[in-house]
Amino acid sequence: MSEQAGTTPYGGSNRHHKPKPFAPMDFEPFAGGADPARVSEAAHLAAQALVRHGRDSDDPVITERLVKLADEQGLDAIAEMWAESPARSLPGALWRLYALRAATVQDPERISVYFRAGRDTAQVSNVVAGAAEPPGADEMRTMADAILSGAFDGDFDVALERSAAFCRVVALGQATLADGAEHANEAHASKLTRNSHQLVKTAEDLEHAANAWRLGELD
């Protein structure tokens, strides 16, 4: 069984003006960025503090607040902190966890369509992602919350691997739907294919980050 859908670069950066609306599942690159050394230092310190705060506490209220951080502060605030960080770093991994959850919460119906279309092909990733059956909109929201929650009250590497598996299932679903739409709507099929490739790259980055965490090398 194949779970490959290709790779393309992923990018991001700080924005110092009023941000444009951002759709995380599209993973469109940001532009610009200044003083990268200071931005990088701040991003790493913020990520380390957030993870330490969450993992040092056994209070479920704190965990819930961390999971809903982007809901309260806005995804753009998270992007300003971490979107420009290397993908295979702690702030880069956190950015992807929050962006994926935000995308799922923002449009769970659409994500569930992609997930259902990919789960039969990506059977191993489907199991690792851990979505309840049948994977509808509510199940997608619940899974997204559970994955991000696990970064603070469970094993951080497992949260990264579950998120990577989720990306792979959705990517396969997008690729499958793109094949079906190729003749009827070429532009839509091309966008689905592009997003599928970007999600596979995101999955690879999350898997690398999970391995680095286990080795004590994710910073």
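Conventions and cut-offs
Residues numbered from 1 in each chain as written. Predicted model: local features only at pLDDT ≥ 70, side-chain atom pairs only at ≥ 80, totals over all residues. Heavy atoms only, no water. Helix = DSSP H or I, 4+ residues; strand = E, 2+ residues; numbered from the N terminus. Buried < 20%, exposed > 50% of the residue type's maximum accessible area, 1.4 Å probe, protein only. Contact = heavy atoms within 4.5 Å. Areas by Shrake-Rupley, 256 points an atom, 1.4 Å probe, with all protein chains shown as cover. Arc of directions from axis to C-beta. Axes fitted to C-alpha atoms, helices over the stretch in contact; angles between N-to-C directions. Parallel < 35°, antiparallel > 145°, perpendicular 65-115°, else oblique. Left-handed = near helix turned anticlockwise from the far one by under 90°. Core = buried A, V, L, I, M, F, W, Y, C linked by side-chain atoms within 4.5 Å. Salt bridge = Lys/Arg side-chain N within 4 Å of Asp/Glu carboxyl O. Expected span 1.5 Å × (residues − 1).

For the protein, an unreviewed UniProt entry supplies the name DNA-directed RNA polymerase subunit beta and the organism Pseudarthrobacter defluvii.

### Some details on the overall build of the protein
Each helix and strand counted, the protein has ten helices and zero strands in total. Counting helices and strands in the order they occur from the N terminus, the protein gives α-α-α-α-α-α-α-α-α-α. Per-residue burial over the protein gives 48% buried out of 219 residues. For the protein, the proportion of contacts with a sequence separation of at least 24, taken over those separated by at least 6, is 75%. When the accessible area of the protein is evaluated, it comes to approximately 10,400 Å², of which 51% is carbon and sulfur surface.

### Re helix α4 (residues 75-82)
Every buried residue of α4 is accounted for by L75, I78, A79 and W82. The buried residues of α4 occupy one face: seen down the axis, they fall within an arc of 100°.

### Re the packing of helix α1 (residues 36-56) against helix α5 (residues 90-106)
Viewed as axis vectors pointing N to C, α1 and α5 meet at an angle of 65°, and their least axial separation amounts to 8 Å. With respect to α5, the axis of α1 lies roughly perpendicular. Between α1 and α5 lies a crossing of left-handed hand. Residues A43, H44, A47, Q48, L50 and V51 of α1 lie in contact with α5, whose contacting residues are L90, P91, L94 and Y98.

### With respect to the nonpolar core
Soluble, globular proteins show a tendency: their nonpolar side chains are buried together. Counting 57 residues, the largest nonpolar core has W82, L94, Y98, F115, L160 and F166 as its most contacted members. Per-element accounting of this core gives the leading share, 13 residues, to helix α9 (residues 156-181). Those residues within four positions of L94 in sequence are excluded, and the remaining contacts are A47, L50, V51, W82 and F156.

### Some thoughts on the environment of A131
Mapped onto the secondary structure, A131 falls in the loop between α7 (123-129) and α8 (137-153). We classify A131 as buried; its relative accessible area is 14%. Residues A131 and R141, ten residues apart in the sequence, show an inter-C-alpha distance of 9.6 Å. If sequence neighbours within four positions are ignored, A131 has contacts with F115, N126, M140 and M143.

### Describing the pattern of salt bridges
Taken as a whole, this structure holds eleven salt bridges when the rule is applied. We note a salt bridge from D138 to R141, for which the minimum N-O separation is 2.2 Å. Remark: R141 and D138 occur in helix α8; sequence separation between them is three residues, near one turn of the helix. One network of salt bridges, with partners in common, ties together D71, R101 and D145.

### Thoughts on unusual backbone geometry
P134 follows E133 through a cis peptide bond whose omega is -10°. Following the sequence through the fold, P134 ends up in the loop between α7 and α8.

### Regarding α1
For an α-helix the count is 3.6 residues per turn, leaving residues at separations of three or four pointing the same way. Taking 1.5 Å of rise per residue, 21 residues should cover 30 Å, and α1 covers 30 Å from first to last C-alpha, within 8% of that figure. When α1 is considered as a whole, its buried residues turn out to be V39, A43, H44, A47, L50, V51 and G54. Down the axis of α1, the smallest arc covering the buried residues is 135°, so these residues share one side. Facing away from the buried side of α1 by over 90 degrees, the exposed positions are A37, R38, E41 and D56.

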